[in-house]
Structures are given as structure tokens and as C-alpha cells.
Amino acid sequence: MFFSKIVCNRAQENMRFFLSRILGGMFLCLVILLVSRLLLVFSFVKDQYFQLSLTEQFNFWVLSLRFDLKVVCIAYALPLLIAFATFINKSFVFFKGFIKYYNTLIVYVALIFSIVNYFYFKTYDKSIDTFIFAISKEDPLAVIKTVINDYPVGIGAVGLLLFFFIYKYSAAIIFNKIENKVYVPDTRKKTVIGMIVLILVFFGLIRGSFGTFPLRQLNAQVTDKPGINYCLPNGPLAFYWAYKWEKISMKVPTVKPSEILKTYDELGIQIEGDTVSDLFKPLVKHTDKNEFLEQNRPDIVFNVMESMSSHMMTFDNEKDRDLMGELRKHFKTDFVFKNFVSEGDGTSDSLTRMLVASPDLNLSTSVYSSKDYICNIAKLFNEAGYETIFVTASTASWRNYDNFLRQLKFSRVIERTQVLKDFPNATSGAWGIDDEYLFKETYKILKEKHDKPRFIMTLSITNHPPFRLPSDVEVQQVKLPEDILARFPYEDTETIFATFRYANDQLGRFIDQIKSDDGLKNNTFIAATGDHNMRGIGYSDHPTELVFGHEVPFYLYMPQQYIDNTGVAFDKERLGSQKDIITTIVSHALSDKEFYSFGCDLLSDEKCNFPFAFNGIVAVSYDKTHACDISNVSKPVSYDFTQMEHLLVDSKPSNRSCIKEAAMKKLESQLYYLQANKSDKDDFDKLKIN
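Now for a look at the structure at hand. (Residues numbered from 1 in each chain as written. Predicted model: local features only at pLDDT ≥ 70, side-chain atom pairs only at ≥ 80, totals over all residues. Heavy atoms only, no water.)

**Considering the state of the cysteines**
Then step 1. Going through the model one piece at a time under the given rule, you end up with two disulfides.
Then step 2. Here Cys-600 connects covalently by a disulfide to Cys-608, the sulfurs 1.8 Å from one another. When the S-S torsion is 70°, as for the bridge of Cys-600 with Cys-608, the disulfide is right-handed.
Then step 3. On the accessibility criterion, Cys-600 (1% relative accessible area) is buried. (Disulfide = S-S within 2.5 Å. Buried < 20%, exposed > 50% of the residue type's maximum accessible area, 1.4 Å probe, protein only.)

**Points about the pairing of strand S5 (residues 387-392)**
Then step 1. By the criterion of burial, S5 is predominantly enclosed, with six of the six residues buried.
Then step 2. Taking every second residue as pointing to the same face, both faces of S5 are buried, with Glu-387, Ile-389 and Val-391 on one and Thr-388, Phe-390 and Thr-392 on the other.
Then step 3. Where S5 meets strand S7 (residues 454-459), six bridges bridge the pair, whose relative direction is parallel. Paired with Thr-392 across the bridge in S7 is Leu-459. (Helix = DSSP H or I, 4+ residues; strand = E, 2+ residues; numbered from the N terminus. Pairing = 2+ DSSP bridges.)

**Describing the pattern of salt bridges**
Then step 1. Under the definition given, this model contains 32 salt bridges.
Then step 2. Glu-318 serves as the salt-bridge partner of Lys-332, at 3.6 Å between the closest nitrogen and oxygen. Of this pair, Lys-332 sits in helix H13 (residues 328-333) while Glu-318 sits in the loop between helix H12 (310-313) and H13, placing them 14 residues apart in sequence.
Then step 3. Lys-332 sits in the exposed class, given a relative accessible area of 60%.
Then step 4. Note that Arg-412 and Glu-448 form a salt bridge whose closest N and O atoms lie 3.4 Å from each other. Of this pair, Arg-412 sits in strand S6 (residues 412-414) while Glu-448 is found in the loop between helix H18 (435-447) and S7, placing the two residues 36 residues apart along the sequence.
Then step 5. For Glu-448, a relative accessible area of 24% gives the class partly exposed.
Then step 6. Here the salt bridges do not stand alone but share partners, grouping Glu-387, Arg-412, Asp-422, Lys-444, Glu-448 and Arg-454 into one network. (Salt bridge = Lys/Arg side-chain N within 4 Å of Asp/Glu carboxyl O.)

**Examining helix H23 (residues 659-676)**
Then step 1. Given a rise of 1.5 Å per residue, 18 residues ought to cover 26 Å, and the 26 Å separating the end C-alpha atoms of H23 matches this to within 8%.
Then step 2. Within H23, 14 of the 18 residues are buried, which leaves it mostly tucked inside the rest of the structure. (Expected span 1.5 Å × (residues − 1).)

**Let's talk about the side chain of Ser-638**
Then step 1. Mapping Ser-638 onto the fold places it in strand S15 (residues 637-643).
Then step 2. On the accessibility criterion, Ser-638 (2% relative accessible area) is buried.
Then step 3. Polar side-chain contacts of Ser-638 include one of 2.8 Å to the side chain of Ser-654.
Then step 4. Of the polar contacts made by the side chain of Ser-638, one reaches the backbone nitrogen of Arg-656; its length is 3.1 Å.
Then step 5. With sequence-adjacent residues up to four places away left out, Ser-638 is seen in contact with His-626, Ala-627, Cys-628, Pro-653, Ser-654, Asn-655, Arg-656 and Cys-658. (Polar contact = N/O pair within 3.5 Å; in protein donor to acceptor, adjacent residues only side chain to side chain. Contact = heavy atoms within 4.5 Å.)

**A few points about the packing of aromatic side chains**
Each aromatic ring pair is described using two quantities: the centre-to-centre distance and the angle formed by the ring planes.
Then step 1. Within this structure, the stated rule accounts for 34 aromatic pairs.
Then step 2. When the centroid spacing of 5.1 Å and the interplanar angle of 70° are considered together, the rings of Phe-292 and Tyr-562 count as edge-to-face. Within this pair, whereas Phe-292 is found in helix H11 (residues 291-295), its partner Tyr-562 is found in helix H21 (residues 560-566), the two being separated by 270 residues in sequence.
Then step 3. The buried category is assigned to Tyr-562, whose relative accessible area is 1%.
Then step 4. On the numbers, 6.2 Å between centres and 55° between planes, the contact of Phe-315 with Phe-488 is tilted. Of the two residues, Phe-315 sits in the loop between H12 and H13 while Phe-488 sits in the loop between helix H19 (482-485) and helix H20 (493-515), which places them 173 residues apart along the sequence. Comparing Phe-315 with Phe-488 shows no difference in burial state: the two are buried.
Then step 5. Taken together, the aromatic side chains of Phe-42, Tyr-49, Phe-50, Phe-60 and Trp-61 make up a single cluster linked through ring pairs.
Then step 6. Directly above the aromatic system of Phe-17 lies the positively charged group of Lys-96, at a separation of 5.2 Å from the ring centroid.
Then step 7. In this structure, Lys-678 packs its charged tip against the face of Phe-684, placed 5.4 Å from the ring centre. (Phe/Tyr/Trp six-rings, centres within 6.5 Å; stacked < 30°, edge-to-face > 60°. Lys NZ or Arg CZ within 6 Å of the ring centre and 35° of its normal.)

**Considerations on a nonpolar patch on the surface**
Then step 1. A grouping of Phe-27, Val-31, Val-35 and Leu-39 is seen on the molecular surface, where their side chains present a nonpolar patch of about 330 Å² in accessible area.
Then step 2. Positionally, Val-35 belongs in helix H1 (residues 9-44). (Patch = residues over 30% accessible without salt bridge, like charges linked within 9 Å, V, L, I, M, F, W, Y side chains within 5 Å. Areas by Shrake-Rupley, 256 points an atom, 1.4 Å probe, with all protein chains shown as cover.)

**Overview of the sheet that holds S15**
Hydrogen bonding along the main chain pairs the strands of a sheet, whether they run parallel or antiparallel.
Then step 1. Strand order in the open sheet formed by five strands is S12-S13-S14-S15-S16, with antiparallel pairing between adjacent strands. Where the open sheet ends on each side, the last strands, each with one partner, are strand S12 (612-614) and strand S16 (648-649).
Then step 2. With three bridges connecting them, S12 and strand S13 (residues 618-621) associate as antiparallel partners. Residue pairing for S13: Phe-612 is matched across the bridge by Ser-621.

**A closer look at the sheet that holds S5**
Then step 1. Spatial ordering of the open sheet is given by S3-S9-S8-S2-S7-S5-S6, a layout of seven strands whose pairing is mixed. Looking along the sheet, the strands with just one partner apiece sit at the ends: strand S3 (335-337) and S6. For this sheet the average axis-to-axis angle between neighbouring strands, irrespective of direction, equals 15°.
Then step 2. Packed onto the sheet, helix H14 (residues 347-356) meets strand S2 (299-305) and S7 and runs at close to 165° relative to S7. (Axes fitted to C-alpha atoms, helices over the stretch in contact; angles between N-to-C directions.)

Laid out in C-alpha cells, this is it:
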């Protein structure tokens, strides 16, 4: 009796209705995901795409479709089950109301995540990843201002509203056509078979594979070109993967000492000893005993400049396009390393690496922030008898840095509230006070009477989206060819360049002030680097800029008496990265000091254990033969250099070894995991490796 009702006219009508709505909704979602991927490819990685072989292009679209079908089938699995459970009785009226709103919801979810993925790709040269969750740790008002200023929010809102009417009209046509054409079984046997087949098809597409493992993130690769691979996942799937990894990253994985030994073997480093503490011995540095330094410990100012980009500096022209301002003369007379990369690609990413050699950009907000990290630079200078001070142009509550820095044992943390007390007329933007007043505050601190030498670390903010200038600063007219302007994702390119110049100019003025001060010029070190390169210049479609896309300069002023008394070997072409900054400074500032660091002294010819210009995505050994894409440590890819001025590489991979470069990335993570999981009762000096 049960099955006899399945083939009645009402049941057949219900079946036609639910098949038309489910299949129609799936079709619309697939169209949205396809169009969004086409926009990604031809907006950001077109050149890479046309370098693919026909087989690779075919594999790209097949795999993309499999990912899209997986997502869409997951989205429509629930309504399919509800339809099967209700289409034979009166409760099917519930399904009719449900599917009407559900289709609209799913189509809009697909659309919105596709839009977010597009602009995320435009800004960060990749699909959505865990960095998107860093937004939740930022100043919400500043984030809103940045989004409104840098992205077409108003047009987007109007577009979403317009899309609603287009969707309602087109969906009705599509649903009706499918309803008129769809085949509905007329016997109970065919109906049961059809239901089973449909469920199996859904299950197969959700699984995405007939092999041992289902289709998953590990499969998202069809070529050695990262930009193309980033286009494989659709917006919703990229967000899901990011969410999954964000949840996983909230708990630091455990690592066995034997795994670290294996990584050291890959680096060609032998560990002497059998305790866990011996695993840190390759990081040990020891500066020479120096009587001059013992009597003359310098004050040190280390400036981390927002988006101080080497790429932007290549557009500088002293006569026609001055982007350096007062910083220019200091770049000519002092030590500057231009073949230099940031360790991270975000402010917090680079900061945590420089502060404690941790690759966890969320460390400051995690439960592991209070651990005792062996590469803690505040601890290093505290033990050397320094007062350690952190000055930020933003609020210290940003990403919990106020607590984090104090846990690292910075003596003082000064943020914009204090600066505004000292300088009530200070100008500011969405993210904090302008650089002029950051440096005024820093100079004020240097001039304070102090018995201890001081290590001051500053973080600037003006050169950050939304780009703006203080009202008394003139916007410089910038002439650039159209192909260069096209790489910038912002409407007001002139303001971008003017803001960049302003930040450089204010740093130059600060250096001027110290060099002209008789009480400071002979005993103050000044270092500066960018936290990361300029974002949104579109490196995905420029594979030759694999290294260039991460380059920032490293500037260092040392008074002449320190140069004369510590032995300096300067090679302006030398490669380096942010891990080398503190090692270089300490090696020429502190006598007979032991400390831990991955870095090398860039002003010395002495060999070091980790001779790499290192970034979390790319690494280059100091022999300069090739660069290594280490975004996937299990499958690093090498690229030969074609032009050394900007470290440009061949767009095609070479067959050189990247084992050591990938091992460097693994080791940094493994030593961090080991320290983060250390309990109070663990004694690395007594714990055996095996």
C-alpha cells in the first residue's frame, strides 16, 4: 500500500517540484562559482594560466568542477532528504515553503563568499585562508573604515539588491523549464531505483572521488604555479578550509624531538648531546668580548614601518617622483640591505617572528602567549641590562599586544593614548596616530634621563589602508604608466604614493634629529625595516616576482665609533631577512653576550647555521643560485634567478634542491611547537631526546 501511493499524480507533481527546485538551485550556484573562478583567473593569474599546457588547463577545470559539485551537493543534501521524506504526503507543503527561502539563502551564500574571495585574492594574492580570521582581533571601527574606503561597499550593496531581482526572475524561468522537462518515474520500482540512484550520485559527488580518500584540500593542485592552484577552491570551500585550519591552529600540535633531529639532518646540522635542550644549541650566538662595548653600550631604536615596500621604492625618482623624502640621504650614507625579505606577510605575522621566532601570527591572542620563548628579544636585552620599551602608533590592545608585550617582559608599552597626552595636537587616522608624532614620542623617550641603555622598538601605522595624509601634507602628483597603475587595487593611487613618501620622510626627519643631537648621535643605533611588502600589487600574475613580492629594505645607522671598534664587513648585495636584524645589531652593540637566534650577522663574513633570506612562503640561500617556493614544505619548488637587482626569477621551475630551505621552515615551526607545549615541570636540560 505504501509504494502504491508513490506514483499517484500528486506525488508525481511533488517530485517534479522538488527536483526542479533542487536541480535549479544547484545549477544557479554552479554558474555563480564558475563565473567567480573565471574572474579570478582572468583578473589575477591570466599570464600563468596561458602558460599551462592544454592538459593542465583541462585538469584545472575538471578539478574545479569537482570542488564546486562537492560544495553544491553538500548544500542541497538536506533539502533532498526532506523532499524524499515528505513528497508522498501532505507535509510536503512544508518543503515548498522551506525550499523557496533555502534556495535564496544558498545562492546568496555562494555569491557573497565568491565576492569576498575575489577581493581577498586581489589584496593578498591568494584565496581565503586563516588570515581572514585575524580581522576578528583587529579594531572593529578601523576595519570598517578600511573596508568602506578600499572596497566598493556602496556599489556592492546596490549590486546585491539588483541581483535579488535578477535572481527572482531568472530562477522562476529556470525552475519552470526544469519542472516541465524533468522525467518523473511512473512506477514504484522506478521511483525507488531513482531515489537510490540520486542519493548515490549525491554521495559520490560529495565524496568527490572513487579512490581511497575523498576529494580534499590536499588535492587542490594541478600545477607548480601557486596562483593557479589558489583559484581551484571556490569561495565557500576556501572559507571552510580556512575555518578548519583556524580551529586546528588554536591548539599547537605536538612534535617529537626525533622529528626535529631529522629536520636538522636535512639542514646538514649535527646535534651534539642527548637532551631536549641540545636541540636549541644550533641557535646559540656568542658575541666577542669587546672592551669598547663594555664601556659604551648604545641606545637602540628599531623601527618597524608599516608597508615599507621595496617594490614601492623602485618607483622613486629624486627629480620627478620623490618617494623617499628626508630618508634619501640616510639611505645613501648608512647601511642599507635591499635584497632583504620580511619573515611574515602581515604585521602580526612579522612581529611575532621577530619578537620570539614564532610562525604563529595569532600567538599574542592565544593561550601560548605567556610561554617562555628562547628567542625572546625583550628577554635578551633585559638580561643585558637594558630598559626595553615598545612604542606603537596604534592602541596597545590591538590583538592583545599590551598583555603580550608585557608577558615578554618589555619594561614599558607606550601607545597612542600616551602619545596624545604628550602631544594633544597629534593627527591620526583609522588605525592610529601619524608617524610624525610616533617619532616625536620616541625622541622624547630617548632624551629622558636614564641610567640604563634603552632598546626601543616602534611600530608605525600611517602607511596603512585606508590611505590618507594629515591635512597639512601636500599630496604629490605622481606620473606612472597605465600598466603600473593597473596593478594597484585602489582608486586614489596618488594618495598611496604620497602616504608612502610621508612615512619615509618622517623616518628620515627622526634620523636627522638624532644625528644632529650631540647627546645621541654618537651612541644611538637606528634600525628600520618594513613589516611586509605593499599589498594588492598583484603578484599572483607575476611569477617572476616570487621573491620581489616579499622584499622590504633593512636600514641601519651605527655611529662611526662602533663601526671602527667592532669590525664591519658590509656587502650591500648580501641577502637577508628579518631574522637577521637583532643578530646584526647585538653583534655590534653587546660584548660577550650569549643569546639564541636563527639570524646571521649581516655585517660579518662569519658563517652561520641558517644562511637563508627566509620568508614563510619563499626562501633564498645566500649563494643566490635560486629561490625556493616553500609554501608547501613537502613539495618545495625551485626557480632560477634571471635578474639579481630585484631578485627576479624564471617563471618556469628548475630542478635545484630546496631541501634545506624547506627544512628551515619546518624547524622554525617545530621548535615553536616544542616550546609552546612545554609545561612548568618540563626540564629540557634533563629530558632525553629519545
